[in-house]
Amino acid sequence: MDGVLVHEGAALRGAVEFLARLREQGRRFLVLTNNSIFTPRDLAARLVRAGLHVPEEAIWTSALATAQFLDDQAPGGSAYVIGEAGLTTALHEIGYVLTDTDPDYVVLGETRTYSFEAITRAIRLVEAGSRFIATNPDPTGPSAEGPLPACGAVAALITKATGAEPYVVGKPNPMMFRSAMNTLGAHSETTAMIGDRMDTDVVAGMEAGLRTYLVLTGSTRREDIARFPYRPSAVVESVADLVELV
């Protein structure tokens, strides 16, 4: 989503036309984000404000992928959650009980305000045997004032205190793309990934067996590409260059 369709709340070049072409051609698609703060309904509303009309059922977040993973691993389980509505809603919808008493999992997501008390509780629960899950590995997130500590940074704190590494569901884990394809009912041979980051989007798409397109409207610059030992299927300036391929 960010860096491909929008940047700081504004639609990027070609985004409106690209989404319109997908609809015209009847192409199934999902908009993916590692951000677990918001529900798909929240994100759909934010996209509308940017002039982009994406139904909430076409938005796939790391929170939804995490919920699907936990539902597959331990249906009807329990979790202690550090996160916001996007994550807690996703876990409630799969029937999970959210508790701080002997939970099956400690699930760490994004939040605007990380609580020292909540992190301390998470550390003690992980030490007591709860399995440790993180929605995404991003160490920082953007804000108007500059970078903010994000899920990956707080996960590192918990790992340092406990020695337990989390299982990270979001990108670059190809699990994020596989769960999205399951939701679409799609196959890797007929699915493409469009992303703005080599280190999360392209590598995860490649490992999931997808054709990958890197757009240069986000994090990765053209001169950065050579630093990576893998390559996208194609590099384009923006999604405007992909409209005719749909």
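The structure reproduced in this document is the subject of the present report. (Residues numbered from 1 in each chain as written. Predicted model: local features only at pLDDT ≥ 70, side-chain atom pairs only at ≥ 80, totals over all residues. Heavy atoms only, no water.)

Describing the packing of helix α3 (residues 62-73) against helix α7 (residues 175-184)
So, step 1. Between α3 and α7, the shortest axis-to-axis distance is 10 Å and the interhelical angle comes to 85°. For the element pair α3 / α7, the angle class is roughly perpendicular. Of α7, the residues touching α3 (which contributes S62, A65, Q68 and F69) are M175, M176, S179, N182 and T183. (Axes fitted to C-alpha atoms, helices over the stretch in contact; angles between N-to-C directions. Helix = DSSP H or I, 4+ residues; strand = E, 2+ residues; numbered from the N terminus. Parallel < 35°, antiparallel > 145°, perpendicular 65-115°, else oblique. Contact = heavy atoms within 4.5 Å.)

Structural notes on the sheet that holds strand β13 (residues 211-215)
So, step 1. Pairing within the open sheet is parallel, and its three strands lie in the order β12-β13-β14. Only two strands of the sheet have a single neighbouring strand rather than two, namely β12 (192-195) and β14 (234-236). Averaged over all pairs of adjacent strands, the angle between strand axes in this sheet comes to 20°, irrespective of strand direction.
So, step 2. Pairing between β13 and β14: three bridges, direction parallel. Opposite Y213, over in β14, you have A234 as the bridge partner. (Pairing = 2+ DSSP bridges.)

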